[in-house]
Amino acid sequence: MTLSDLRRGTPERRADFVREIADDVSRRIREGVVAEAEARELAAVLRFQAGLLLPERLEAFDRIYGARFERLIRQFLRGES
């Protein structure tokens, strides 16, 4: 499915897509299969896609997922508590 297809879908389907990708990025960070720079790039690309799919929810995305990714990066990639 392309972003164009998703943009024509329901808001719920678009939100599900963003959530699925965010969960995958989170898993990659927790498992340490990406370096910090790659984790940040994945998060930035997802934020861009979320802005295309759900522009009215971008502030909520930043609060929820931005904070989650930062915490996971600190905890699992930097070894901070």
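Being a predicted model, the structure only gives us computed values, none of them experimental. (Residues numbered from 1 in each chain as written. Predicted model: local features only at pLDDT ≥ 70, side-chain atom pairs only at ≥ 80, totals over all residues. Heavy atoms only, no water.)

1. A short note on the overall build of the protein
Alright, step 1. Helix and strand counts for the protein come out as four helices and zero strands.
Alright, step 2. When the helices and strands of the protein are read in sequence order from the N terminus, they spell out α-α-α-α.
Alright, step 3. Computed over the C-alpha atoms, the radius of gyration of the protein is 13 Å, within 12% of the 12 Å expected from 2.2 N^0.38 for a compact globule of 81 residues.
Alright, step 4. For the protein, the spread of C-alpha atoms along the three principal axes comes to 40 × 25 × 15 Å.
Alright, step 5. The buried share of the protein, reckoned over its 81 residues, is 30%.
Alright, step 6. For the protein, contacts bridging at least 24 residues in sequence account for 70% of all contacts bridging at least 6.
Alright, step 7. One way to put it: in the protein the 16 positive side-chain charges average out to a point 2 Å from where the 15 negative ones average out. (Helix = DSSP H or I, 4+ residues; strand = E, 2+ residues; numbered from the N terminus. Rg over C-alpha atoms; globule rule 2.2 N^0.38 Å. Buried < 20%, exposed > 50% of the residue type's maximum accessible area, 1.4 Å probe, protein only. Contact = heavy atoms within 4.5 Å. Lys, Arg positive; Asp, Glu negative; His and termini not counted. Charge placed at Lys NZ, Arg CZ, Asp CG, Glu CD.)

2. What to know about the confidence of the model for the protein
Alright, step 1. On average, residues of the protein score 94 in pLDDT, and 100% of them are at 70 or above.
Alright, step 2. Here helix α1 (residues 3-8) stands out as the element of the protein with the lowest mean pLDDT, 86, in contrast to helix α3 (residues 36-53), whose mean of 97 is the highest. (pLDDT = per-residue confidence, 0-100.)

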